Amino acid sequence: MFPDGLTNVRNATHGFDLPTLLGHAGEAVAFVDSQWIVRYCNDVYLANAGKRADEVLEHTPFDYIPGFERSIFYETIEVCRRENKPMCRIGYSTALGRWLMVRVFPVDGGVLLLANDASQSVVDQYQLAQQALADPLTGLPNKLSLAQDLGSGHPATALAILGLARFDEITQRLGYAGSDKALMALGSRLQSASRDGERVYKLPGHEFAVLLSHEQPQLLPRLQALLGALRGPWPLGGQSIVIEPRIGCLPLAPGENDVESGLRRAALALRRAHAQPDNDIVFYEPQLELALLRRQRLESELRAALAADQLTLYLQPKVAVAEGTLAGAEALIRWPHAEGMIPPGDFLSLAQDSGLMPEIDAFVLRRTIRMLSELRSLGLEVPVSINLSVDALCDDRLESDIARLLAASGLPPRLLEIELPENALIRDVGTSMDVLARLNAMGVRLSVDDFGTGYSSFSYLARFPVHALKIDRSFITGLVTSPTHQKIVKGIIRVAHSLQLSVVAEGAETAEELQALRRLHCDTVQGYAYARPMPMPEFVAFAQRQQAVPRMRATSI
Ligand code: C2E
Ligand code: CA
Ligand code: CA
């Protein structure tokens, strides 16, 4: 049935009635009423949808288009209805696998929808659109448009930049076409989540901007709602992709209209949000500028320190808790600096961001092998464990580098141990199981670091060729006072032992904690209760003392 409002156009079309005209149109046409029921559609529409008339008419598109609520159709109709004016959008239809130009007109009792294939014109328009105001990929307004809006007195109270952590992994998994689709989908979901008075823009790269008109204290909940709308998992390319959105937000002073300066400051806040996994929304504040300057200075100093081989490794003893004997050591990186010894927590993320991790990994490996050789030449056969970046653990070359260094040193491979953080093991290292298996076959030992902070199950862990679990310090702290921590640690130790894994407790600081761990049959303890990380000469003295008087006591700290 065709709606009255449209059939009445007959008189105005000189003898043609509109249904006949639309029936012969080259594009897909449908009339969707205000209850989302399709009351009319032409043959092209049916052919495109791959449906019969009785499957479409008097049904809602939600019934026969999978994921309709995320489609370009839904979004265009929604905006047309909300703003009550004709809307035209170009977007990618995942259902049809092509670009569409969708036009929606408000008419009596619903909307008239016209759609045609725009694949060719998208390509043609790409260059034009670049110079214009819309982002060609998502159809969203672009940075130029943002500049215009800010310049023409948009009543915005805040400028937010929304970025995606680990977006390059999406590109690696889905390819460029797939990551483009992800950006299109994100843009359209962000657009749907925006409210009156907000405007969403696509920035170059994989970032979006939003102008908001909320004042504090409503601003933060609004930003949280936008983040919430984007969190995954997203079904893309047949895979479930987890999106980790973060926001940097600049509250705008009235009349503030310099887009470059605004974006720069919001981006600074976003950068901080990326660096703090537990804080996904950061507001701009002037201290961030100082932090940036310090970071830039540190980065060049770190480069220089690496080139001059000025970094060093401290060794922290691991003690077999029942016997009180030295069981090994962990090598922990330190940066001797004019401002004092810089701990890894203060420079590893900087190294990660500036691409220096491969050099740090190479240094750690090289220096550890050298220390192991020195220890051995002093009659101290102490296994030493190292921490490597996740990228190194996923790199095929790791195995050959280690094999070469071990062969050159003549060290037995069992003296080298690699600590794999539990989170990385779950997230990334699964892909490089081969590398781990080959290292294991070579005789290198592997252990799971920070155990208990991730969500791996024992059955998952059993697939990895690991020798030991290191229980994270957060469980050891409070071991004496918290029955829950006691139960967790006891459970971990019991199951680990049943899988023939040895257990290291990290961060025991008191004699009471040591006592508790001994009672729970924990194998090894690494913590201030025995010793802090120390430079090589001190460690040698520590190990020699221990050889002379085997049973070690807790030091008071
Ligand atoms: P991690 O691998 O969990 O290392 C253990 C951290 O706990 C060390 O901090 C150690 O000094 C500290 N610790 C040990 N016992 C106690 C204790 O009883 N109480 C307290 N409060 N802390 C204790 P550090 O050396 O600052 O290292 C921090 C993190 O930096 C390491 O955590 C590791 O993730 C990373 N890291 C350290 N060295 C390297 C390295 O050479 N390469 C890489 N990629 N990461 C490293
Ligand atoms: Ca470690
Ligand atoms: Ca740890």
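Residues numbered from 1 in each chain as written. Chains lettered and ligands numbered in written order. Predicted model: local features only at pLDDT ≥ 70, side-chain atom pairs only at ≥ 80, totals over all residues. Heavy atoms only, no water.

A look at the confidence of the model for the chain
Atomic detail in the predicted coordinates should be set aside for any region of low pLDDT.
At step 1: For the chain, mean pLDDT is 88; residues scoring 70 or higher make up 93% of the total.
At step 2: Long-range and interchain partners of residues 8-13, a stretch whose pLDDT sits below 50, account for 4 contacts in this model, where long-range means more than four residues apart. (pLDDT = per-residue confidence, 0-100. Contact = heavy atoms within 4.5 Å.)

What to know about the side chain of Glu-330
At step 1: Tracing the backbone through its elements, the reader meets Glu-330 in strand E14 (residues 325-337).
At step 2: Polar side-chain contacts of Glu-330 include one of 2.7 Å to the side chain of Asn-387.
At step 3: A polar contact of 2.7 Å, which involves the side chain of Glu-330, links it to the side chain of Gln-526.
At step 4: Apart from residues no more than four positions distant in its own chain, Glu-330 is found in contact with Tyr-314, Leu-315, Gln-316, Lys-318, Ser-385, Asn-387, Glu-419, Asp-449, Lys-470, Glu-506 and Gln-526. (Helix = DSSP H or I, 4+ residues; strand = E, 2+ residues; numbered from the N terminus. Polar contact = N/O pair within 3.5 Å; in protein donor to acceptor, adjacent residues only side chain to side chain.)

Focus on the pairing of strand E4 (residues 98-107)
At step 1: Where strand E3 (residues 87-93) and E4 come together, 7 bridges link them in antiparallel fashion. The residue bridging Ser-93 from the neighbouring strand is Arg-98, located in E4.
At step 2: Connecting E3 to the antiparallel partner E4 that follows it, the hairpin turn spans 4 residues, and Gly-97 within it adopts a positive phi of roughly 70 degrees.
At step 3: Bridge count for E4 against strand E5 (residues 110-117) is 8 bridges, and the pairing is antiparallel. The partner of Phe-105 across the bridge, within E5, is Leu-112.
At step 4: Here E4 folds back onto E5, and the loop between the two strands holds 2 residues, one of which, Gly-109, carries a positive phi near 80 degrees. (Pairing = 2+ DSSP bridges.)

Here we look at the nonpolar core
At step 1: Leu-311, Ile-360, Ile-402, Ile-418, Val-489 and Leu-517 are the most contacted members of the largest nonpolar core, which totals 84 residues.
At step 2: Sorting elements by how many residues they give to this core places helix H14 (residues 357-377) first, with 9 residues.
At step 3: If we ignore the near neighbours within four places in the chain, the residues touching Leu-311 are Leu-302, Ala-305, Leu-306, Ile-333, Arg-334, Trp-335, Pro-336, Ile-360, Phe-363 and Arg-367.
At step 4: Core analysis: the second largest hydrophobic core is formed by 33 residues, Ala-158, Leu-162, Phe-167 and Ile-241 among them. (Core = buried A, V, L, I, M, F, W, Y, C linked by side-chain atoms within 4.5 Å. Buried < 20%, exposed > 50% of the residue type's maximum accessible area, 1.4 Å probe, protein only.)

Focus on the pattern of salt bridges
At step 1: Per the stated rule, a full pass over the model turns up 35 salt bridges.
At step 2: For Lys-85, the salt bridge is made with Glu-83, and the minimal N-O distance between the two is 3.5 Å.
At step 3: When the shortest N-O distance is used, the salt bridge between Arg-376 and Glu-381 registers 2.8 Å.
At step 4: What makes Arg-376 partly exposed here is its relative accessible area of 33%.
At step 5: According to the relative accessible area criterion, Glu-381 is partly exposed, its value standing at 40%.
At step 6: A single salt-bridge network, built from bridges that share partners, covers Lys-318, Glu-330, Glu-417, Glu-419, Arg-445, Lys-470 and Glu-506. (Salt bridge = Lys/Arg side-chain N within 4 Å of Asp/Glu carboxyl O.)

Topic: the coordination of the calcium ion (ligand 3)
At step 1: Every protein donor of the calcium ion (ligand 3) is accounted for by Asp-449 (OD), Asp-450 (OD), Glu-506 (OE) and Glu-506 (OE), and the metal-donor separations fall at 2.2 to 2.5 Å.
At step 2: Separating the calcium ion (ligand 3) and the calcium ion (ligand 2) is a distance of 4.1 Å, and Asp-449 donates to both of them. Of this pair, Asp-450 sits in strand E18 (residues 445-451) while Glu-506 sits in strand E20 (residues 502-506), and the two are 56 residues apart along the sequence.
At step 3: Assessed through its relative accessible area of 26%, Asp-450 is described here as partly exposed.
At step 4: What makes Glu-506 buried here is its relative accessible area of 12%. (Donors = N, O, S within 2.8 Å, 3.2 Å for Na, K, Ca; no water.)

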